[in-house]
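Inside the fold
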Amino acid sequence: MSLRRNILDLRKRKEQVLLGGGEEAIKKQNAMGKLTARERIEAILDKDSFHEYDMFVEHQSKDFDMDKKVLHGDGVIIGTGTVYGETVAIYAQDFTVAGGSLGLMHARKIGKIMDHAMKMRMPLIGINDSGGARIQEGVDSLAGYGEIFFRNTQASGVIPQLSIILGPCAGGAVYSPALTDFVFVVDNISKMFITGPEVVKTVLGEEVTMEELGGARVHAEISGNAHFFAHNEQECFEQIKQLLTFLPWNNQRKARAFPPKPPKPEYKIEKIIPADPTQPYDIREIIMATADDSEFLEVQQDFARNIVIGFGRIDGETVGFVANQPMVLAGVLDCDSADKSARFIRFCDSFNIPIVTFEDMPGYLPGVEQEHMGVIRHGAKVLYAYSEATVPKITVILRKAYGGGYIAMNSRHLKSDFVFAWPTAEIAVMGPEGAANIIFRKDIKEAKNPEEMRKQKVEEYRVKFANPYVAASKGYIDSVIEPQETRLLLKHCIEVSTNKDVLTPYKKHGIPPF
Ligand code: HXC
């Protein structure tokens, strides 16, 4: 064959592969409000930057008449491309080809791009849209999942791993996303479950829809498996691109710095906390009054809302914010908020992102339900994560810092680098009400007017202990500051910490209270 005919032959083969599962299947995909795998890759990457590998890979199975079937690319597209000019590795399962099901060659392709991402130390983006293990390929499919899970675990803490759920994600297909750093879901499109409605009906006799079992809202609000929720695919892709602007490309690098910008003038930091210390306020306003351009990318916004986590910048540098939310459950720590914050702290620590903690919380949530759910081991994760972290750690106590909460929220004692308190801070073993009721019980009981005496004792306690000056007198906090000084001090702390270096004892790895 002449070169020209060879080239024409190549082009024809490519055209066939580009059609995936064929026009009918693509129409069905679009009718469900879903883009095709190729359209998704194009929507995330910079224009014309995608380089595909393994386009001509085919499945190798013969059972169940599979040898008569052509599965283009074996149902997955892999390659590299750029986002805002920097290269990422990406794969997208193609539901139009055998439901994006995972067979041996499909898994090998994903493994290949994961190995590439690790070798080249760049982020990995996985687009999941799959019926799970390819039933016809039996144990080869299961082996394929195992190979992916192993690679996810090896890559954890080395390169950022982002998973997008854009269709069904059943059985083994959910565990790779669960092992990655951030999971993105889209309303009405994403479904994640271990066992589908059919199995639930067979085993438990319960009728349940896919949406109820594992729809996008379920994972964004209840299970906590998802970190970002979007209303459509385009919004989801914008979230991914925004997240990438805050992240370093691997654990040896820092996130890229941006030109510094002041917070927007409408956020007046000194006006956010109400005069009455029992009144709630939205902690996100404090974050936005502090962050560059008031930009805050909140993570797990709708899950365990009593704690707020996410990324912003101080003077152009990425920081991770962890902040109690007084508007929800007074900002207490409970099982879910402990899991949420501990994982985020570990992410920041792995990827050289300084952690800024804003504290205003009355302690851990009491009660039988929390104790039985394991608030001890869940709460311990926060202590572990903060203690273990060696990135710059800064705490600002805004109002309440009571009991276990005071210690847990990145206190000096867990080796925070800088601890500041606003004059409104109350640092004590517990709130004045509870404390006075216990230590002055006898005085209150024996008083002529017990209610009057109780009020008096609460005030006495408040004046004596519920302020920042006792802790300041002992050096537990570095300084009592005015709210308006907060941003400048954060900037100073981050600058001072540029070359922070901490020696940790030799160990293979610790044993966090998983
Ligand atoms: C082979 C599959 C498949 C699978 C779907 N297909 N899932 N082929 N193996 N696991 C094929 C269908 O046969 C069909 O092929 C095409 O993909 C589209 O599927 P539909 O069923 O027509 O689509 P839809 O109605 O949208 O339903 C999608 C679905 C459903 C909800 C995902 O297909 C489904 O329930 N699939 C099975 C899910 C599952 O139980 N997976 C195994 C999990 S066990 P044609 O040729 O007709 O177009 C597992 C164990 C791993 O993963 C554990 C590791 C830890």
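Here the structure is shown first, and the text comes after it.
So, a few notes on the structure that sits alongside this text.

What counts and what doesn't
- Residues numbered from 1 in each chain as written.
- Predicted model: local features only at pLDDT ≥ 70, side-chain atom pairs only at ≥ 80, totals over all residues.
- Heavy atoms only, no water.
- Helix = DSSP H or I, 4+ residues; strand = E, 2+ residues; numbered from the N terminus.
- Contact = heavy atoms within 4.5 Å.
- Areas by Shrake-Rupley, 256 points an atom, 1.4 Å probe, with all protein chains shown as cover.
- Lys, Arg positive; Asp, Glu negative; His and termini not counted.
- Charge placed at Lys NZ, Arg CZ, Asp CG, Glu CD.
- Near = heavy atom within 4 Å.
- Polar contact = N/O pair within 3.5 Å; in protein donor to acceptor, adjacent residues only side chain to side chain.
- Nonpolar A, V, L, I, M, F, W, Y, C, P; charged D, E, K, R; others polar.
- Salt bridge = Lys/Arg side-chain N within 4 Å of Asp/Glu carboxyl O.
- Buried < 20%, exposed > 50% of the residue type's maximum accessible area, 1.4 Å probe, protein only.
- Axes fitted to C-alpha atoms, helices over the stretch in contact; angles between N-to-C directions.
- Parallel < 35°, antiparallel > 145°, perpendicular 65-115°, else oblique.
- Left-handed = near helix turned anticlockwise from the far one by under 90°.
- Pairing = 2+ DSSP bridges.

This paragraph deals with the overall build of the protein. When you go through the protein residue by residue, the secondary structure sums to 20 helices and 16 strands. In terms of overall dimensions, the protein has C-alpha extents of about 105 × 55 × 45 Å along its principal axes. Considering only intrachain contacts with a sequence separation of at least 6, the fraction spanning at least 24 residues in the protein is 71%. Just so you have it, the protein exposes about 24500 Å², and 56% of that area is on carbon and sulfur atoms. Taken together, the 61 basic and 68 acidic charged side chains of the protein have centroids lying 3 Å from each other.

Further remarks concern the site of the ligand. Taken together, the neighbourhood of the ligand is formed by 18 residues, with G99, G131, A133, I135 and G172 sitting nearest. Within the backbone of G172, a nitrogen or oxygen atom sits 2.9 Å from an oxygen atom of the ligand. Bound to the protein, the ligand loses 52% of the 1000 Å² it would expose on its own. Those elements that provide at least two residues to the shell around the ligand are α5 (139-155) and β5 (161-170). Residues belonging to the shell around the ligand are distributed by class as follows: ten nonpolar, six polar and two charged.

Close approach of charged atoms allows side chains with opposite charge to pair. As enumerated under the stated definition, the model contains 37 salt bridges in all. The salt bridge partner of R40 is D129, with a shortest N-O separation of 3.0 Å. Of this pair, R40 sits in helix α3 (residues 37-44) while D129 sits in strand β4 (residues 124-130); the two residues are 89 residues apart in sequence, bridging distant segments of the chain. For R40, a relative accessible area of 0% translates into the label buried. In this structure, the salt-bridge partner of R256 is E86, at a minimum N-O distance of 3.8 Å. Here the residue R256 occupies a position in the loop between α10 (233-246) and α11 (283-288), and E86 occupies one in strand β3 (residues 86-93), the gap between them amounting to 170 residues. A relative accessible area of 25% means that R256 is categorised as partly exposed. Among the charged side chains, a salt-bridge network with shared partners connects K34, R40, D129 and E233.

Moving on to the packing of helix α12 (residues 335-350) against helix α14 (residues 375-388). Packed helices, taken two at a time, are described by the angle between their axes plus the distance between the axes. Relative to each other, α12 and α14 sit at 20°, their axes nearing to 8 Å. Overall, the two elements α12 and α14 adopt an arrangement that is roughly parallel. Two packed elements cross with a definite hand, and for α12 against α14 that hand is left-handed. Along the contact surface, α12 presents C335, A338, D339, S341, A342, I345, R346 and D349, while α14 presents V375, H378, G379, K381, V382, A385, Y386 and E388. Residue composition of the contact of α12 with α14, by class: eight nonpolar, three polar and five charged.

Moving on to the pairing of strand β6 (residues 182-186). Summarising burial for β6: five of the five residues are buried, a large majority. The two faces of β6 match: F182, F184 and V186 on one face and V183 and V185 on the other face are all buried. Across three bridges, β6 lies against strand β8 (residues 228-230) in parallel orientation. By the bridge assignment for β8, F184 is matched with F228.

Without other data, these values stay purely geometric and don't point to any function.
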